[in-house]
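Listed here are the chains, written in short residue letters.
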Amino acid sequence: MKTFSHFMMLLLLTVSSVFSSQSSVFYKELNFIGGYSGEEGWMTSHDELMNSVGFEFLDKFSNEFGDYLTLDIQARLTYDFDQYNNPDDAAAFGLHNAWADYKIGLNKTLRVGHFDPQFGLEPVLDTHATLLQTLAMRDIGYKQDWGVGYRSGLGAVDYGTALQMGTGMGLDRDQNTCLATFRLSNPPAGGLLYGVSFLYGLVPEMTGMTLIPAPETSEMLTRKKRIGLDVQYPAGPVNLRAEVTAGKNGDQDVIGALADLIYVPGNMDNVELILQVSSWSEDPSVSSQAYQQAAISAQYRISSSWTIRAGLFDLFASPEEEDVQGVLQLYYFGKGS
């Protein structure tokens, strides 16, 4: 299993290059990020975001009945400047999207590969490079996993389900890990969007979100059970999105909540201001185990490819977690020549 993840990566890249169609698109990605922390001083990363170079390859295959197959591969090479004196630990390769969608009928799609579990806001938002994140990293421990999924609709309700390995980025499955998710939602119609999610999994604690080197995982598995509710509501120049999750890690109660208030000035649609508040507790009966914080982010789209973002984090955080951080990001995502 140690080399299986490398084999899968090469196989996906080979399949994409051999079977690419005229509709294929290749995007380049550059991420420059830095900041300052009251406790750590100057930083060259923020959470899982590091300085990196990457790409996304997207391809669609069609016949006389329309699109029947979609391929997506998104990967990046990161560099941790804090590990400058340890070259073997500084560079890493991460494989994010690596999936194939096959349409097996009207509004029925089978997905295979590395993709978002069907739980919470994460599967409907693109947080691959944004400063503000959803609850996924705290809730599950990662944002994407290997497995199979199915999406369809039933009347006025869409649903998606996924059965995945429970190993996140890595493919080395030395333990009996698993992750099963299910999400019900209303179809997008320009107004209120909502989703109800369910999760069950046996997952290890992980260090590192990279494919090479492989992430370090604990020998102990945590049995996770969750139910979640998420909403998105546009109201003119203001958008609200929020999610709540509750359940258990083993015998321990867990509850979390997150809300984003997004403001887009009416005459400046390339500007976005976001206020985020979040709360997380792995023992709601003990107040000292609760973590609350607020963050503010500003985004300016310089062009269709270049975006600059700035953020202040851990504002009004729990006393033991308080460490105000300022982060600046310059991000490029555009089509290759």
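Criteria and thresholds
- Residues numbered from 1 in each chain as written.
- Predicted model: local features only at pLDDT ≥ 70, side-chain atom pairs only at ≥ 80, totals over all residues.
- Heavy atoms only, no water.
- Helix = DSSP H or I, 4+ residues; strand = E, 2+ residues; numbered from the N terminus.
- Buried < 20%, exposed > 50% of the residue type's maximum accessible area, 1.4 Å probe, protein only.
- Contact = heavy atoms within 4.5 Å.
- Areas by Shrake-Rupley, 256 points an atom, 1.4 Å probe, with all protein chains shown as cover.
- Salt bridge = Lys/Arg side-chain N within 4 Å of Asp/Glu carboxyl O.
- Phe/Tyr/Trp six-rings, centres within 6.5 Å; stacked < 30°, edge-to-face > 60°.
- Lys NZ or Arg CZ within 6 Å of the ring centre and 35° of its normal.
- Pairing = 2+ DSSP bridges.
- Patch = residues over 30% accessible without salt bridge, like charges linked within 9 Å, V, L, I, M, F, W, Y side chains within 5 Å.
- Core = buried A, V, L, I, M, F, W, Y, C linked by side-chain atoms within 4.5 Å.
- Polar contact = N/O pair within 3.5 Å; in protein donor to acceptor, adjacent residues only side chain to side chain.

Enquirer: Any chance you could explain the overall build of the protein chain here in plain terms?
Expert: Each helix and strand in the protein chain was counted, giving three helices and 18 strands. Per-residue burial over the protein chain gives 45% buried out of 337 residues. If you take every contact in the protein chain between residues at least 6 apart in sequence, the share linking residues at least 24 apart comes to 54%. When the accessible surface of the protein chain is split by element, carbon and sulfur atoms take 60% of a total near 17,500 Å².

Enquirer: How should I be thinking about the pattern of salt bridges in this particular structure?
Expert: Any two side chains of opposite charge can pair if their charged atoms end up close together. Counting across every chain of the model gives seven salt bridges. With its nearest N and O atoms 2.7 Å apart, the salt bridge here joins Asp230 to Arg183. Pair noted here: Asp230 is in strand S12 (residues 216–235) and Arg183 is in strand S10 (residues 178–185), with a separation of 47 residues, a long-range link. An identical accessibility class is assigned to Asp230 and Arg183; each is buried. One salt-bridge network, in which partners are shared between bridges, spans Asp101, Arg111 and Arg151.

Enquirer: How should the packing of aromatic side chains be read in this particular structure?
Expert: When we look at a pair of aromatic rings, we describe it by the centre distance and by the angle of the planes. All told, the structure shown has nine aromatic pairs when counted by the stated rule. Between Tyr68 and Tyr102 the ring centres are 6.5 Å apart and the planes differ by 85 degrees, which places this aromatic pair in the edge-to-face class. Here Tyr68, found in strand S5 (residues 66–79), pairs with Tyr102, found in strand S6 (residues 91–105); they are 34 residues apart in sequence, far enough to count as distant. Owing to a relative accessible area of 30%, Tyr68 belongs among the partly exposed residues under this scheme. Using a relative accessible area of 43% as the deciding quantity, one classes Tyr102 as partly exposed. Seen in terms of ring centroids, Tyr150 and Tyr159 are 6.3 Å apart; in terms of plane orientation they differ by 50 degrees. Their pairing is tilted. Tyr150 gets classed as partly exposed once you look at its relative accessible area, which sits at 22%. With a relative accessible area of 23%, Tyr159 lands in the partly exposed category. One aromatic cluster is present, formed by Tyr27, Tyr331 and Phe333 through successive ring pairs. A cation sits over an aromatic face here: Arg111 above Trp99, 3.7 Å from the ring centre.

Enquirer: So what exactly am I meant to see when it comes to unusual backbone geometry here?
Expert: For residues that are not glycine, phi is negative in most cases, and the peptide bond is trans in most cases. We note that Asp47 has phi near 55 degrees; this positive angle belongs to a residue other than glycine. When you line up the elements, Asp47 lands in the loop between strand S3 (45–46) and strand S4 (49–63).

Enquirer: Mind showing me how you'd approach the side chain of Ser305 here?
Expert: For Ser305, the location among the structural elements is in the loop between strand S16 (290–301) and strand S17 (306–315). Judged by its relative accessible area of 18%, Ser305 is buried. With residues up to four places along the chain from it excluded, the contact list for Ser305 reads Tyr331, Tyr332, Phe333 and Gly334.

Enquirer: Sorry if this is basic, but what is going on with the environment of Thr207 here?
Expert: Within the secondary structure, Thr207 sits in strand S11 (residues 193–207). For Thr207 and Ser218, which are 11 residues apart along the polypeptide, the C-alpha to C-alpha distance reads 8.7 Å. Ignoring anything within four residues of it in the chain, the contact list for Thr207 reads Pro215 and Glu216.

Enquirer: Looking at this structure, I do not really get the pairing of strand S15 (residues 271–281). What am I missing?
Expert: Relative to S15, strand S14 (residues 252–263) runs antiparallel, the two sharing nine bridges. Bridge assignment links Leu258 to a residue of S15, and that residue is Ser278. In terms of strand pairing, S15 meets S16 through 11 bridges, oriented antiparallel. Bridge pairing links Glu272 to Gln299 in S16.

Enquirer: Just to check I follow, could you spell out a nonpolar patch on the surface for this structure?
Expert: Residues Leu192, Tyr194, Tyr233, Leu240, Leu261, Leu275, Val277, Ile296, Leu312 and Val324 make up a contiguous nonpolar surface patch of about 850 Å² in total accessible area. Tracing the backbone shows Leu312 in strand S17. When its relative accessible area of 41% is taken as the criterion, Leu312 is described as partly exposed.

Enquirer: I tried to follow the pairing of S5 on my own but got confused; where do I start?
Expert: Regular strands place side chains that alternate from one sheet face to the opposite one. As defined by bridge partners, S4 adjoins S5 across 13 bridges and the pair is classed as antiparallel. What sits directly across from Gly54, in S5, is Arg76. In this antiparallel pair of consecutive strands, S4 and S5, the connection spans two residues. Inspection of the sheet shows S5 paired to S6 by 10 bridges, in the antiparallel sense.

Enquirer: Please clarify how the nonpolar core should be interpreted in this entry.
Expert: Burial of nonpolar side chains together is a common tendency in soluble globular proteins. With 12 residues, the main nonpolar core is built from Phe55, Phe57, Ile73, Ala75, Phe93, Leu95, Ala98, Trp146, Met165, Met169, Leu171 and Leu211. Put simply, the parts of the chain that give this core at least two residues each are S4, S5 and S6. At three residues, S6 tops the list of elements feeding residues into this core.

Enquirer: Explain the environment of Thr161 here, please?
Expert: In this structure, Thr161 sits in strand S9 (residues 157–164). Considering only alpha carbons, one finds Thr161 and Phe198, 37 residues apart in sequence, at a separation of 9.4 Å. Those residues within four positions of Thr161 in sequence are excluded, and the remaining contacts are Gln118, Val148, Gly149, Tyr150, Thr181 and Phe182. In terms of polar contacts, Thr161 uses its side chain to reach the backbone carbonyl oxygen of Thr181, at 3.0 Å.

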